[in-house]
Amino acid sequence: MVGAALACSVLFVSAGCIWLMLRFAHRIPVTDIPNERSSHTRPTLRTGGVAIVLSFGLGLCVALWMGLAGRGMLQAVLLPGILVFFLGLADDAFRLGEAIKLALQVLIAVGTVLLGGVVLRSIDVPGLGEVGLGALAVPLTIIWVVGMVNVYNFMDGLDGLVGGVGVIASGWLLLLFSLHGAPELGLVSLLLGTGLAGFLLFNFPPAKIFMGDSGSSFAGFLFAILAIVGAQTPSPGIPFPVFLLLFSAFLADTSVTLVRRMMRGEPWYKAHRSHFYQRVTNLGFSHRDVSVIEYVLAFIQGLLGVAYLWLDSAWRVAVLAFWAMALGLLILAVHRREVQARLAVQG
């Protein structure tokens, strides 16, 4: 009951903050001006992350005060998360260079590892069991954290997309941690999900406000940390492939897009409109259509993640192979529709 009341308070604070920002939008200088890469057509506030982080931070502080969460959450989640938020907010306001932003993200990730003690030391591999990462543990942890921060940043390009998928992912994490006996991590997931839900009320198509790098980076960071800690708490933790399943559509979109751009000799770090969700909108689907498709994928990924926990090794391999093939077929289907559209224009 206490957790539910706290979650409702976070939802109210998040939505209330955004309502206030929209009311005084003319006084807030952090605005997204449409350009040739944009998916919107009018100037829109990009400060939704402020409401998400403020509501989540207040909720977590209350949880710490009430003894619902340990002080480890302060070092591993809240403090580095706030640094990620301010870095994103600075980029929203002043457009930091890609190299500077990446270097600072790496620095924050290193600090989280060294000071917060957040390290992915082993991965449960179907058929092999628990595989220790040894000397690779720290660098792979840093790559995972920085990677997830940027995955959520890259995917934040359509109304309702990242916010809605984040709410669904948070719900699945709450269930997974509750089933696995990790209520503290479940509470963090719940607070993040309700903070995102308050934002989604104003971001679902047509969006009145955007999350901005501050919000997307913060959400990606928290999901990365929850995956690392959840894979080891309580021992043994939730198998890490469960978290890969949960975020697989975003990971696949970002990975395939980056490889595709590098193979074409395009600067992978520059803003563009070649993510699969953007390519689907170019085929005539609306923001709402694409976001709902991503919601369905996120729901299926959660189901597969929960099922993964109860399956033996052979079936776990089958689940991973099935979903990889399903995502691959979706990618091929988008490419095929693009080819058909080009041929129709030429013909």
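This section reports on the structure supplied with the text.

Broken down by element type, the protein chain carries 13 helices and four strands. The C-alpha atoms of the protein chain give 20 Å as radius of gyration, which agrees with the globular expectation for 347 residues (20 Å, within 12%). Taking the principal axes of its C-alpha atoms as reference, the protein chain extends roughly 60 × 55 × 40 Å. Burial analysis of the protein chain (347 residues in total) assigns 50% to the buried set. For the protein chain, contacts bridging at least 24 residues in sequence account for 73% of all contacts bridging at least 6.

Turning next to empty space enclosed by the protein. One pass over the full model with this rule turns up three cavities of 30 Å³ or more. Volume-wise, the largest cavity comes out at about 60 Å³. Along the walls of the largest cavity sit Tyr152, Val165, Leu246, Phe247, Ala249, Phe250, Glu294, Ala298 and Gln301, which together make up its complete lining. Sorting the residues of the lining of the largest cavity by element identifies α10 (248-263) and α12 (287-310) as the ones contributing at least two each. If one sorts the elements of the lining of the largest cavity by residue count, α12 sits on top with three residues. Counted by class, the lining of the largest cavity contains seven nonpolar, one polar and one charged residues.

This part is about the packing of helix α5 (residues 137-155) against α10. As a packed pair, α5 and α10 sit with axes 10 Å apart at the nearest point and diverge in direction by 90°. Taken together, the axis directions place α5 and α10 in an arrangement best described as roughly perpendicular. Every residue of α10 that contacts α5 at Trp144, Met148, Val151, Tyr152, Phe154 and Met155 is listed here: Phe250, Leu251, Asp253, Thr254 and Leu258. By residue class, the composition of the contact of α5 with α10 is nine nonpolar, one polar and one charged.

Before going further, it helps to spend a moment on the packing of helix α6 (residues 161-179) against α12. For the pair α6 and α12, interaxial distance at closest approach is 9 Å and the crossing angle is 15°. Overall, the two elements α6 and α12 adopt an arrangement that is roughly parallel. In the crossing of α6 with α12, the sense of the turn from one axis to the other is right-handed. Where α6 approaches α12, its residues Leu161, Gly164, Val165, Ile168, Trp172, Leu175, Leu176 and Leu179 are matched on the opposing element by Ser291, Glu294, Tyr295, Ala298, Phe299, Gly302, Leu303, Gly305, Val306, Leu309 and Trp310.

To describe a pair of aromatic rings, one takes the distance between the centres and the angle between the planes. Following the criterion strictly, the structure yields twelve aromatic pairs and no others. Taking 5.6 Å as the distance between ring centres and 70° as the angle between the ring planes, the aromatic pair formed by phenylalanine 56 and phenylalanine 218 counts as edge-to-face. Of this pair, phenylalanine 56 sits in helix α2 (residues 48-66) while phenylalanine 218 is found in helix α8 (residues 212-230), placing the two residues 162 residues apart along the sequence. Phenylalanine 218 matches phenylalanine 56 in its accessibility class, with the two residues each being buried. Ring centres of phenylalanine 177 and phenylalanine 243 lie 6.2 Å apart, and the angle between their planes is 40°; on these two criteria the pair is classed as tilted. Of this pair, phenylalanine 177 sits in helix α6 while phenylalanine 243 sits in helix α9 (residues 240-246), and the two are 66 residues apart along the sequence. Here the aromatic cluster, defined as three or more aromatic residues joined through ring pairs, consists of Trp144, Phe177, Phe240 and Phe243.

The next subject is the state of the cysteines. If you walk through the whole model with that rule in mind, you get zero disulfides. Summary of cysteine pairing: cysteine 8 is not part of a disulfide, and the nearest cysteine sulfur, belonging to cysteine 17, is at 16 Å. Note on cysteine 17: no disulfide assigned, nearest cysteine sulfur contributed by cysteine 61 at a separation of 14 Å.

Moving on to the side chain of asparagine 153. Looking at the secondary structure, you find asparagine 153 in helix α5. On the basis of relative accessible area, asparagine 153 is assigned to the buried category, the value being 11%.

We now examine helix α7 (residues 183-203). For α7, built from 21 residues, the straight-helix expectation of 30 Å at 1.5 Å per residue is met to within 8% by its first-to-last C-alpha distance of 29 Å. Of all 21 residues making up α7, 16 are buried, and the element is well covered by its neighbours.

Now for the pairing of strand β3 (residues 122-125). Going residue by residue along β3, you find Ser122 and Asp124 tucked away on one face and Ile123 and Val125 left uncovered on the opposite face. Hairpin geometry of β3 and strand β4 (residues 129-132) is characterised by an intervening segment of three residues between the two adjacent antiparallel strands and by a positive phi of about 90° at glycine 127.

So, how was this worked out
- Residues numbered from 1 in each chain as written.
- Predicted model: local features only at pLDDT ≥ 70, side-chain atom pairs only at ≥ 80, totals over all residues.
- Heavy atoms only, no water.
- Helix = DSSP H or I, 4+ residues; strand = E, 2+ residues; numbered from the N terminus.
- Rg over C-alpha atoms; globule rule 2.2 N^0.38 Å.
- Buried < 20%, exposed > 50% of the residue type's maximum accessible area, 1.4 Å probe, protein only.
- Contact = heavy atoms within 4.5 Å.
- 1 Å grid on protein atoms, 1.4 Å probe; cavity = no way out; pocket = protein on both sides within 12 Å on 5 of 7 lines; lining within 4 Å.
- Points joined across faces, edges and corners; volume = space filled by probe spheres on them.
- Nonpolar A, V, L, I, M, F, W, Y, C, P; charged D, E, K, R; others polar.
- Axes fitted to C-alpha atoms, helices over the stretch in contact; angles between N-to-C directions.
- Parallel < 35°, antiparallel > 145°, perpendicular 65-115°, else oblique.
- Left-handed = near helix turned anticlockwise from the far one by under 90°.
- Phe/Tyr/Trp six-rings, centres within 6.5 Å; stacked < 30°, edge-to-face > 60°.
- Disulfide = S-S within 2.5 Å.
- Expected span 1.5 Å × (residues − 1).
- Pairing = 2+ DSSP bridges.

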